[in-house]
Every structure is written in structure tokens, then in C-alpha cells.
Amino acid sequence: MKLKERKIGAWYQAEGCVAGERIRFALGTQNGENAHRTVSEVERAFLEGSVSLLWPKLHVVLPTKTFNRLARIAGYSEPVAPVEHTWPELSRLFREDAQRRIALGRFRASTLQRYEFEIREFGIFLAEHGVLNLARIDRPLVEQFKAWRLDRIRARSKSGAAKSLSLCAAIVHRVFSFAVENEFVAKNPVRLEGRPGENPEAGAQPFKPEEIRKLRESAGPDMLTFLLLRWTGFRGSDAVALTWAEVDWDAREIVRVTQKRGKRVILPIHLELFFALEVERGRRKPELSERVLLNPQTAKPFTRNRLYERMVALGRRAGVVNAHPHRFRDSLAVEMLVRGASPYDVAKTLGDTIQTVEGHYAPFVPELRERVRRILESGPEAEELGRIWAESEPKKEQVQ
């Protein structure tokens, strides 16, 4: 192609043949040198095609009507400016997706509540640092958040800080995984801090028999709550949500679908708990849809947080440290294992997985280890193995 500039009146134009089409267009300048330079750049842009780096410059130099005409002939389109997604936008979309999954039965409303808390915490941290755009959230910033979050956890309670941080990191990581899936960010900036709930140094924290005795003696108005946790091993979410419809009086069983794993569990009701439930039913004459546990102070159904606070307060009255509801679950699981129940039995009773029972409870039961030791040492070949080992000792010395 060949273009030539021409001055018509005070202004310069260009004319020539482009892609087999005879065209004439305004250059938007009264300076001859500028006109000549612009024509040369238009020719180069057409030779290089739609990928030419000259098109953005020509967009500034040429009149809008001229540029649009030439760009259309060359097939050039301006790159779309990248959308700057923000944390508030991501939070909103994640919540909407979680609500959709709750409706489909793929997510728990109680789980979303836990997510909501950590999402707010991360939002507070970002606001303090003046960060909104996701593009500015990188790994160093997230590591700062972890230290910030750990300080806030420890200010509330030093126990379980590492476990809480691992759960916090897992939640924020999941939100950013959602961002990656929707192409809001290229990669996930959150590094996990181990799997939540897994601490091989901690394991189960069952109450000692003496602690159980002290808690029972100090239960007072919390006796039904104590007995329900003691003999069902329910998580806090299941304990506060239990209704009278789930109590089968004829079979003396509690039938419930657990909130966390969605598993149907059938628990035989211990005699001590059965009597307490009968007394409570006779006193209240409740509807089947009513909750079993009520807060003694307000006579209203417990919330999960309030249940936690009541049990910790019971522990203080009884002189038992850190008497949170989950320790009752640990106690029941360990007690069942000690009395001969298999990990399968415990898993079915508590609505857990066999892997969880084997990894969380079994390794921390001394009685189980002693039972294994007795099994290994009681075989007829034990003495023979000992004799062989003893006879091999002199041979070792000779080799040395």
C-alpha cells in the first residue's frame, strides 16, 4: 500500500489504496512534518497487521472517525482493560455460591456461619492495610494476616491457637480457590497451615473419671445438658439442635442425622440420661418440634456459643480446666474403646469415620496399647523368639 499526504486548506489529509479500497482520510494536523510522520506510521501499522504496537499511538494522534475507519479495515480492536476484582465482591459471590450449595444439600448452614466469621476477620485486616483489590493480595500480605489473626486468637484464649489458625487459613484458602475457579486471580495466595483439627501431638482430650464425678456433682441446673453430652458424645451443633421428635421412647434410642457429616446415628439412651429426659418431658410437656436443651437462665434454646460458655462455666465451678463440649465426645469415644468397642462401633455411634477414630482416639488410649502388648507377648512363639535373640548376641560380639 502507498499513502500520500495532501494539504487541503489549512489541514492535511492522506489518500491512497488500502486493502484494495481507495480511501481518503483526515490526519488532524496542520503541520507538514507531523502529517508525513503519521502517514508513515499508518503504513507500517497496516504492514504489521492488527498486532502492531503503533495502533494505540495512532489512536491518540488521529481523529476518532479516521482511527475507527482504519482500525476496522486492519481488524484491530483495542484490548479490554482487565477488571479489578475486590475482596468485598469476592466475599459476596462466595456467600451466594454457598447459599446455592446449601439449597442443594452440598453445604451446611452452620459451616457457612464459621466461614462468615473468618471472611469478616480477613476483611477487617484488609481494611486496616488499605487493600481492596484482589491483585494486591499476595502471599507476604497473607502471612502478615496470619500473624495478626493469631494475636487476636491468643487474646481470647491461648488454648487451641494453632488449631484455630489452621482452620482460619483453610477457610481463606477455600475462598481464594473459588476466586481462582472464577478467574478473579491467577493463583491462590494462601498457604495452608496443616489440616484443620489434626494435631498429632494433641489427640483426644477425654475427662478423667474424677473430673466426670466433679462435673456431675457441680452440674446443678445444667444436669440435663451434662448428661446429654456425657452419654451421646454429640458435637455442640447437634446437642443444641436436638428435638424431642428425635427421641424414640419405645426403643430408648436417639435417632439423628448429624449436621457436620450428614450421617444418621442411632444412639441407645443410657439409663441415667433416660430418667433425666423423662423428668424434663414431664415438667415441660413439650411439642415434638421443640428443642430438648434450654438455657436455664433464659428458658430459650441454646446457641452453640452459649452451650460452650455454660460448659466452661460448669468446669470452673467443678475445678475442671477447659471443660468444653467436645471433650465429652472424646470421653465417650475413649471409654467405648477401653471397654472393648471397635473403631467401627465408635464411628457408627458417633457419626464419624473409622479413619478419624483410629487417628484421633485410639493412639491415645493406654489400655489399648497394653492390650496389643499382651496379645503380642502371649503367643507360644514369644519364648522361642526370645531364645533365638539371646543366642544371636554372642555372634554379634564376634563379628565386632
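Read on for a plain summary of the structure. (Residues numbered from 1 in each chain as written. Predicted model: local features only at pLDDT ≥ 70, side-chain atom pairs only at ≥ 80, totals over all residues. Heavy atoms only, no water.)

This brings us to the overall build of the protein chain. Scanning the protein chain for helices and strands turns up 17 helices and six strands. Every one of the 400 residues in the protein chain was classed for burial, and the buried ones make up 40%. In the protein chain, of all internal contacts separated by at least 6 residues, the share reaching a separation of at least 24 is 53%. Accessible area of the protein chain: about 23600 Å², with a carbon and sulfur share of 53%. (Helix = DSSP H or I, 4+ residues; strand = E, 2+ residues; numbered from the N terminus. Buried < 20%, exposed > 50% of the residue type's maximum accessible area, 1.4 Å probe, protein only. Contact = heavy atoms within 4.5 Å. Areas by Shrake-Rupley, 256 points an atom, 1.4 Å probe, with all protein chains shown as cover.)

Before going further, it helps to examine the sheet that holds strand S5 (residues 253–257). Spatially, S4-S5-S6 is the arrangement adopted by the three strands of the open sheet, whose pairing is antiparallel. The open sheet terminates on both sides in strands that have one partner only, identified here as strand S4 (247–248) and strand S6 (264–268). Pairing of S4 with S5 involves two bridges; the strand directions are antiparallel. Each residue of the ladder has a partner; that of Val247, found in S5, is Ile254. (Pairing = 2+ DSSP bridges.)

Scanning all chains against the criterion turns up 19 aromatic pairs. Measuring from ring centre to ring centre gives 6.3 Å for Phe122 and Phe125, while their planes differ by 25 degrees; the resulting arrangement is stacked. Of this pair, Phe122 and Phe125 both sit in helix H5 (residues 109–128), three residues apart, which is roughly one turn of that helix. As far as burial versus exposure is concerned, Phe122 and Phe125 are alike and both buried. A centroid spacing of 6.1 Å and a plane angle of 85 degrees characterise the contact between Phe122 and Phe176, whose relative ring orientation is edge-to-face. A residue pair is termed long-range when its members are at least 10 positions apart, and Phe122 in helix H5 and Phe176 in helix H7 (residues 161–181) qualify at 54 residues. Classification of Phe122 as buried rests on a relative accessible area of 0%. For Phe176, a relative accessible area of 0% translates into the label buried. By way of ring pairs, the aromatic residues Trp87, Phe122, Phe125, Phe145, Trp148 and Phe176 are connected into one cluster. (Phe/Tyr/Trp six-rings, centres within 6.5 Å; stacked < 30°, edge-to-face > 60°.)

Our next topic: the sheet that holds strand S3 (residues 21–26). The strand order S1-S2-S3 describes an open sheet built from three strands, whose pairing is antiparallel. One side of each edge strand has no neighbouring strand; the edge strands of this open sheet are strand S1 (2–8) and S3. Sheet twist, expressed as the mean angle between neighbouring strand axes with direction ignored, is 20 degrees. Relative to S3, strand S2 (residues 11–18) runs antiparallel, the two sharing six bridges. Bridge assignment links Cys17 to a residue of S3, and that residue is Arg22. Where helix H1 (residues 32–48) meets the sheet, its contacts fall on S1, S2 and S3, and the angle it forms with S1 comes to roughly 155 degrees. Each of S2 and S3 is contacted by helix H3 (residues 64–74), which is oriented at about 155 degrees to S3, the strand it contacts most. (Axes fitted to C-alpha atoms, helices over the stretch in contact; angles between N-to-C directions.)

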